Structures are given as structure tokens and as C-alpha cells.
Amino acid sequence: MEFGADTWWLVGLAVTIAIGIIGYFLKRTMSKQDQHEADINHIKLTYVTKEEFKELKSDTATSMDKLQKDVEEIKVNTLSKADFYRSQAKTDDKIDKIYDMLIELNKKG
């Protein structure tokens, strides 16, 4: 059985297409593998062990307790807005009385 020139041309074209398809899928597979390798390396650099996580969790809980105590202390030791306004009103009243006394003294002499 002999093949003509046009038959060999078709075989060459089919082989070229097959090699192109194989090359495309091979490149895609290699790109995915490279991406997976990069992701794995990132995970290796940033992962946290159970012991580290437990330590971080206990440190966070301790910090939160301290913050809660500080907030409670601030609530106890600071002046409320209403108390501030009341004290300012008292001070204003005293200043008004002093001003009235000065005006009174000025009128008399």
C-alpha cells in the first residue's frame, strides 16, 4: 500500500495538530502545577501551628480582660457629661454672682 503526497500532507497536518493539542494541555498542566507550588510555599510561610494559635488565643483573652478592667476603671473614675455640665452651670452661676457684686460695688463708690 502506497500513500500519495497529499495523504502524507494530511498525516503531517494531523500529527502537527496532535502535537499542538498535547503541547497546549501540557503547558496548562505545568502552569497549574507551578501555581499550586507557589500556593503551597505561601501556606508554608504563613501557617500557624496549634500551639501558636492557642498561645495567641490566650494572649488575646488576657488582653481583652485587661481592656475590660481598664474600661470599667475609666467608667468609675471619669466625670460624666451631665456632671460636667452641672459643674459648669454652678461655676457660671458663681461668676455671675461675682460679676453682680462687682457691678454693685462700682455703683456705690
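Residues numbered from 1 in each chain as written. Predicted model: local features only at pLDDT ≥ 70, side-chain atom pairs only at ≥ 80, totals over all residues. Heavy atoms only, no water.

### Description of the overall build of the protein chain
Part 1: Across its full length, the protein chain holds three helices and zero strands.
Part 2: For the protein chain, the α and β elements follow one another from N to C terminus as α-α-α.
Part 3: Compactness check: the protein chain gives a C-alpha radius of gyration of 43 Å against a globular reference of 13 Å for 109 residues, more than 25% above the reference.
Part 4: With 109 residues in all, the protein chain has 0% of them scored as buried. (Helix = DSSP H or I, 4+ residues; strand = E, 2+ residues; numbered from the N terminus. Rg over C-alpha atoms; globule rule 2.2 N^0.38 Å. Buried < 20%, exposed > 50% of the residue type's maximum accessible area, 1.4 Å probe, protein only.)

### Looking at the packing of aromatic side chains
Part 1: Enumeration over the complete set of coordinates arrives at two aromatic pairs.
Part 2: With a centroid separation of 6.0 Å and 50 degrees between ring planes, the pair formed by Phe84 and Tyr85 is classed as tilted.
Part 3: By relative accessible area, Phe84 is classed as partly exposed at 40%. (Phe/Tyr/Trp six-rings, centres within 6.5 Å; stacked < 30°, edge-to-face > 60°.)

### Thoughts on the pattern of salt bridges
Part 1: The final tally for this structure, using the stated rule, is three salt bridges.
Part 2: We note a salt bridge from Glu72 to Lys75, for which the minimum N-O separation is 4.0 Å. In this pair, Glu72 and Lys75 both sit in helix α2 (residues 50-77), three residues apart, roughly one turn of the helix. (Salt bridge = Lys/Arg side-chain N within 4 Å of Asp/Glu carboxyl O.)

### Let's talk about a negative patch on the surface
Part 1: Together, Asp92, Asp93, Asp96, Asp100 and Glu104 line one region of the surface with negative charge.
Part 2: Here Glu104 shows up in helix α3 (residues 81-108). (Patch = residues over 30% accessible without salt bridge, like charges linked within 9 Å, V, L, I, M, F, W, Y side chains within 5 Å. Areas by Shrake-Rupley, 256 points an atom, 1.4 Å probe, with all protein chains shown as cover. Lys, Arg positive; Asp, Glu negative; His and termini not counted. Charge placed at Lys NZ, Arg CZ, Asp CG, Glu CD.)

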